[in-house]
Amino acid sequence: MLEAETGGLLFVVGDEDGARAARGAEGDVCAPEAPLVGRVVAGEPEAITELYAHYAPLVHGILLARVPYGEVGDLVQDVFLVAFKKIGSLRDRERFGPWVAMIARNRAVDFHRRARVTEELSEELAQGPAPQRAEAEEVLEMIRALPEAYRETLVLRLVEGMTGTEIAERTGLRPDSVRVNLHRGMKQLRERLGLKGRDV
Amino acid sequence: MSDYLWDKTGEPDAEVERLEKLLGPLGHQPRALELPPAARVEQAPRRLWSRPALAAAAALALMLLAGAWLFASRVTGDARRTARDAQAPAPRTIESARDDSDAAAAHDDKNNVVTLGPKKNEGPPERERVGQPSRQQQSGQSLLTEQRRRRGGLRARAGSGMKGRGGAARGARPREDLLAAVTERQQ
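Now for a quick tour of the structure. Residue positions are counted from 1 within each chain, in the order its sequence is given. Just so you know, chain letters begin at A and ligand numbers begin at 1, following the order they were written in. Totals for whole chains, interfaces and linings use every residue, but because this is a predicted model, local features are given only for residues with pLDDT of at least 70 and side-chain atom pairs only at 80 or more, for both listing and counting. With hydrogens and water excluded, all non-hydrogen atoms of the structure serve as input to the side-chain values.

### Observations regarding the packing of aromatic side chains
And step 1. Two aromatic rings from Phe, Tyr or Trp, using only the six-membered ring of Trp, form a pair when their centres are within 6.5 Å; if the ring planes differ by under 30 degrees the pair is stacked, by over 60 it is edge-to-face, and anything between is tilted. One pass over the structure, following the stated rule, counts three aromatic pairs over all chains.
And step 2. Summarising the aromatic geometry, the rings of A:Y55 and A:F96 are spaced 5.2 Å apart at their centres and angled 65 degrees between planes, so their arrangement reads as edge-to-face. Taken as a pair, A:Y55 in helix α3 (residues 46-64) and A:F96 in helix α5 (residues 96-113) lie far apart in primary sequence, 41 residues in all.
And step 3. On the accessibility criterion, A:F96 (0% relative accessible area) is buried.
And step 4. A ring is considered to have a charge above it if a Lys NZ or an Arg CZ atom is located within 6 Å of its centre and within 35 degrees of its normal. The ring centre of B:Y4 lies 5.6 Å from the NZ or CZ of A:R157, which sits over that ring.
And step 5. Taking the ring centre of B:W6 as reference, the NZ or CZ of A:R179 above it sits at 4.5 Å. Strands are runs of DSSP state E lasting at least two residues, helices are runs of H or I lasting at least four, and both sets are numbered from the N terminus onward. Only protein chains enter the calculation, and the probe is 1.4 Å; a residue is then buried if its accessible area is under 20% of its type maximum, exposed if over 50%, and partly exposed in between.

Take a look at the structure:
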């Protein structure tokens, strides 16, 4: 089990059994990002930009499944900053995706742990979001109420536009697990939305 | 098998498409990564002990512990044996029996038998040597010896007139018998 502590956060990364049990069996599918990771470790900070471009939607979706939409942008930056600093502790360089995904999950947990007493209202929040945005956030809230394995997969699919194969590749989950999570999550979401859609 | 929800292929699912259009704007908007200038890749903590080295060290420590335990158990075993031997009563020898006995010890040179007199307030005297005749046997033996002496004396008397017929050759007569025979002859 790989662990990295950063500012009070405990990042559990890699092919740890606990995460595997919680999120289903992780698979052998993994994007070959080892050369980029090697370049970052060797002292080429520019390589992190390429990793960011490839994995930012994944991190964004994972965070969006857990924290308010307005906070996600900054948290994505935080996650990649932590990943950049701690990338030397990554043992298996081919598993950058699952590693950064775990950093994002832990960052979301840390976000909720720090209770915020006051929160400034942005102009948009003060006026109220546009009707379409309001509906989108309402649906997003329903997805967030689903079990963790379903909500993360559904957000990556419906919000970030990733296919099941891409989700499996970047998160390190088995394709079968992703497929099951997608279909079961969609079924539950339909029930909550009151839709009569096809029962897949 | 085509599955729109899985890989966006095949017959589109209207509800899934609607959700995609509704939620799509909330997705990630490309934004440059902003890293602080001071941000650097931290070196991974150096591991002093690799797993095989740790396993070897643990095995070695176990072997040392087992060896120490065996050595300690052997030493304590010897010490216990020595203590047991020291506590056990020493085998009684003639000298120790002499010291222990308050009675006078009678020593018979002929039979090399030590008979001990009875101790005060104690039972019958001990006979120390295994296989040696008992007190009764010894008293019987003494009687036999006395009878032999007497017979020897009679022979000496009888043989006083047969000088040189082998009486001296026997040579085993007690001196008292000889003296008695000489006295008789002089008389």
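### Some points on the nonpolar core
And step 1. Here, the term nonpolar core denotes a set of buried Ala, Val, Leu, Ile, Met, Phe, Trp, Tyr and Cys residues that are joined through side-chain atoms within 4.5 Å. A:L51, A:L63, A:F96 and A:L158 are the most contacted members of the largest nonpolar core, which has 65 residues in total.
And step 2. Among the elements that line this core, the one with the most residues is α3(A), at 11 residues.

### Some points on the interface of chain B and chain A
And step 1. Should any heavy atoms of two residues lie within 4.5 Å, those residues are counted as being in contact. Counting residues at the interface gives 35 residues for chain B and 49 residues for chain A.
And step 2. Note: buried area is the sum, over both parts, of the accessible area (probe 1.4 Å) each one loses when the two are combined. Of the roughly 3,800 Å² buried between chain B and chain A on both sides combined, carbon and sulfur atoms contribute 59%.
And step 3. When the buried surface of chain B facing chain A is broken down by residue, B:L5, B:W6 and B:L26 rank first, second and third, together holding 22% of it.
And step 4. Salt bridge, as used here, is a side-chain nitrogen of Lys or Arg placed within 4 Å of a carboxyl oxygen of Asp or Glu. The tally of links from chain B across to chain A stands at six salt bridges.
And step 5. Across the pair B:E20 and A:R157 runs a salt bridge, and its minimum N-O distance is 2.4 Å.
And step 6. Side-chain atoms alone can form a polar contact between residues adjacent in sequence; in general such a contact is a pair of N or O atoms within 3.5 Å, and within protein one must be able to donate a hydrogen while the other accepts it. Scanning the region where chain B abuts chain A turns up 15 residue pairs in polar contact (both at pLDDT 80 or more).
And step 7. At the level of secondary structure, the elements contributing two or more residues to the side of chain B that touches chain A comprise α1 (4-7) and α2 (14-23) of chain B.
And step 8. When residues of the side of chain B that touches chain A are assigned to their parent elements, the largest contribution, seven residues, is made by α2(B).
And step 9. Note on residue classes: Ala, Val, Leu, Ile, Met, Phe, Trp, Tyr, Cys and Pro are nonpolar, Asp, Glu, Lys and Arg are charged, and everything else, Gly too, is polar. The residue makeup of the side of chain B that touches chain A, split by class, is 18 nonpolar, three polar and 14 charged.

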